[in-house]
Amino acid sequence: IWNKHRVQKFNTGDEFQERFISHVEWTLARSLYNCDDLAAYQATSQSVRDNLVIDWNKTQQRQTARDPKRVYYLSLEFLMGRALDNALINMRTDTDVTDVGDTDETLTKGNTSREMIKNAMSELGFKLEDILDEEPDAALGNGGLGRLAACFVDSMATGNYPAWGYGLRYQYGIFAQKIINGYQVETPDYWLNFSNPWEIERAEIQVPINFYGYVDRGQNEKSTLEPSDWIGGERVLAVPYDMPIPGFKTSTVNNLRLWSAKPTTEFDFKKFNNGDYKNSVEEQQRAESITAVLYPNDNFLQGKELRLKQQYFWCAASLHDIVRRFKKGKRPWSEFPDAIAIQINDTHPTLAIVELQRILVDLEKLDWHEAWSIVTSTFAFTNHTVMQEALEKWPISLLGHLLPRHLEIIYDINWFFLQDVEKKFPRDMGLLSRVSIIEESSQERQVRMAYLAIIGSHKVNGVAELHSDLIKTTIFKDFVKIYGANKFTNVTNGITPRRWLKQANPKLAQLISETINDPEDNYLLDMSKLTQLSKYAEDEKFQKKWNDVKQFNKQRLADLIKKLNNGVDIIERDHIRNTLFDIQVKRIHEYKRQQMNIFGVIHRYLTMKELLQSGASIEEVSKKYPRKVSIFGGKSAPGYYMAKLIIKLINSVAEVVNNDKEIQDLLKVYFIPDYNVSKAEIITPASDLSEHISTAGTEASGTSNMKFVMNGGLIIGTVDGANVEITREIGEDNIFLFGNLAENVDELRYKHQFHNKGLPASLAKVLDAVQNGAFSPQNHSEFMPLIDSIKSHGDYYLVSDDFEAYISTQELVDQVYHKDKKEWLKKSILSVANIGFFSSDRCIEEYADTIWNAEPVKSE
Ligand code: 26Y
């Protein structure tokens, strides 16, 4: 009977319409007469979800039947953005599947489902673009690390890996940014306002999670290495919400499982009976606060108890789930690492290592050492930063109070580890205290999570070659000495070309597929096919088409900016074509040096004014400084004073420059409020030039650099992070590099500290203007902290050391862009032709081969 009534996918536009209407009427309880765009978005999503769920179920059944090694990607952040458009690109209908005989993979007949649905929607009276715009971003992340996790789940599904993501279902994602009088103002992002069609609540699964309490070691004082009873003091329930993750051109649909906290139904009867009903309810309500909000700090540790609670809640729930699934297979514990690989995204999930040890020792009664060997063979750790302020450390008192048994286990892990070190390097007390998981030097003893993560993992990787080398010679140097260099490896980051090329830039995708004669978009799975574009790099006809795509995308961004700017154009329509779009969008951070960018803009403005003053005509000025718009975007952590001041300076400069009639329209400045994934999809394809100008050695990788190049934009950048490998891949003629190298940073900083090197004249002029109130007439000292950090506080980010090279490289950019458009287009085409390496599909293959030892499960 089950087979007879089996649910079916919609396969045609007609069947889609039928499904759509049934969702409008049944799921939403509406009619076609009151179906607005929002309802249409929901009904469309529900319909598409139906198709995905069918493949999701099959995928899970297939994986259960074949029992391959499974991969779990633990990340506190998944910056997914919108789901519907991506699902339309990735989803397969049954008619997409062509039988290709005996090979174990099936192929699709091009990507037709998006077109099909667009037409079907239009027959129903809806415009697909408007419908897609109704979806709120799933913004459960801060920046690069969270977006990387999102690209990775896309590539894991596309590569048919049996891999799940585990994270938290925050009710409030990263705050929405408003700009009021030039200042950042944070407003809550209550993204679940209109129910989320992409999640499936698994209310039947409820994992109890304990906090606080004490350890009971019974009458005869057992050792901490023996099974111990942790009597928790507070208990909440973890409920999973699943999001289907469809692969591209495959029927594999993986799972992203996000946990939500809710109260137990246990009730404090003592309080209740004492007549304290209100308090006993309030305590229960506090459970929900654990998954209420994403911490909005990027690369900066705050050390709040609720954050540690989030981390444990999520690690414990995920581990419980993973162990439960393993136990169903009835395999011996020793095979756990053959069955499961767990990747931890930075140190945020480090407690998972301790929790698995606790499960094995306390609950499953394994011998300590046997358990520890299972744990360390299971976990692998990705580091994303060398900056001290981003390395997680938790005070002993806080950790011991919240998780008393876990602290004991950490002490024991440390004890055995230090014994091994002592054996290998006898009597090296300096080494022992340097590598101890417990940091003793600070006023309060702290647990160094990165060290715990290294010790509990079999592999540690950085995210770009330069960064992976750097961690081996700086922050983790001692561990290389202890474990040998083989434990440390590199997997250079990547991005998914489905979202960041096909979805964000449909015009370029179409031009590519036509040009390389790939109507089925197979290049999105094998990006080395893009090298075929090279032969057209100097072809004038092709260059024109390439340029037209860029113009279209610049127009599209100009439209967005106009909308955000109360309907006022920043750049005159007729000028878009010959205006260089110079873009820096990313989290605002001193190390990313948006301040250097805006100082460069000020320098340009002041020099233009000087030229005019000395009698030059506007035409003469425009020879040296042709049309340009400097576009910024990005959020500052709410408590990051300097970053917020940088935002204010950008907006203050924009105010002055954009209203200066004298310079006409040669220079414009705009700060795009509330930069997020869906805005990035409009912004990225529109760049002529993008800025990746971090102090050398500070940006672990960067991933927006890859996105911009994949969309035909050129880069101005420092020799940092993945810029280095981008240069290697696309050729040094096709990127504008400048500035000091990472190897010289320490020495330069030292010089700033002990000798007053003075400022280059160009920068001195800029800082004087800022100090004299050129951009803050009401309050001359408003931007003093930015000036002081360079002049008086040692210029930690080396703005003064790189400024002149930055300015002259910008002038070089202007010359190539305006004087030699053909050369520019050639660089742009060659860049795209050679960017294939940075597909996140390549990353996932590297992780699978060199770290997880996992293999794809081919569909059908
Ligand atoms: C400890 C906590 C406050 C914390 C929260 C978020 C620490 C770090 C972060 C986020 C870090 C992050 O986004 N790092 C970025 O990861 C990208 C992906 O690997 C890199 O491309 C980028 O260079 C790096 O800054």
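None of these values were measured; they are calculated from a predicted model. (Residues numbered from 1 in each chain as written. Predicted model: local features only at pLDDT ≥ 70, side-chain atom pairs only at ≥ 80, totals over all residues.)

(A) Broad picture of the sheet that holds strand β27 (residues 736–738). With respect to topology, six strands assemble into an open sheet ordered β24-β23-β22-β25-β26-β27, the strand pairing being parallel. Each having just a single partner strand, β24 (667–672) and β27 make up the two edges of the open sheet. For this sheet the average axis-to-axis angle between neighbouring strands, irrespective of direction, equals 20°. The sheet contact formed by strand β22 (residues 580–585) and strand β23 (residues 628–633) spans six bridges and is parallel. Counterpart to isoleucine 583 in the pairing with β23 is isoleucine 631. Running over the sheet, helix α24 (residues 641–658) touches β23 and β24 and is turned about 145° from β24. (Pairing = 2+ DSSP bridges. Helix = DSSP H or I, 4+ residues; strand = E, 2+ residues; numbered from the N terminus. Axes fitted to C-alpha atoms, helices over the stretch in contact; angles between N-to-C directions. Contact = placed C-beta atoms within 7 Å.)

(B) Quick look at the domain arrangement of the protein chain. Along its sequence, the protein chain is carved into domain 1 (67–83 + 135–492 + 845–852) and domain 2 (497–834). Relative to domain 2, the C-alpha centre of domain 1 lies at a distance of 36 Å. Taken together, the contacts link 38 residues of domain 1 with 35 residues of domain 2. Among the elements of the structure, β2 (78–81), α6 (144–158), β7 (176–180), β8 (183–187) and α17 (465–473) are those that each provide at least two residues to the side of domain 1 that touches domain 2. Looking at the side of domain 1 that touches domain 2 residue by residue, the class counts come to 15 nonpolar, 14 polar and nine charged. (Domains from an automatic or database assignment. Nonpolar A, V, L, I, M, F, W, Y, C, P; charged D, E, K, R; others polar.)

(C) Expanded view of the site of the ligand. Taken together, 23 residues form the shell around the ligand, and within it Gly144, Leu145, His384, Ala700 and Ser701 come nearest. Residues belonging to the shell around the ligand are distributed by class as follows: seven nonpolar, 12 polar and four charged. Of the domains in this structure, domain 1 (67–83 + 135–492 + 845–852) and domain 2 (497–834) are the two that each give at least three residues to the shell around the ligand. (Near = placed C-beta within 6 Å.)

(D) Local environment of the UniProt feature "modified residue: N6-(pyridoxal phosphate)lysine" (unreviewed entry) in the protein chain. The residues that UniProt annotates with the feature "modified residue: N6-(pyridoxal phosphate)lysine" (unreviewed entry) are Lys707. In this fold, lysine 707 is placed in helix α26 (residues 704–710). (UniProt positions renumbered as here; feature names shortened; annotations may be inferred.)

(E) View of the environment of arginine 92. Position of arginine 92 among the secondary structure elements: in the loop between α3 (84–90) and β3 (97–98). Overall, arginine 92 belongs to the buried group, with 25 C-beta atoms counted inside 10 Å. A C-alpha to C-alpha distance of 32 Å links arginine 92 and aspartate 189, two positions 97 residues apart in sequence. (Buried ≥ 20, exposed ≤ 12 C-beta atoms within 10 Å, placed from the backbone.)

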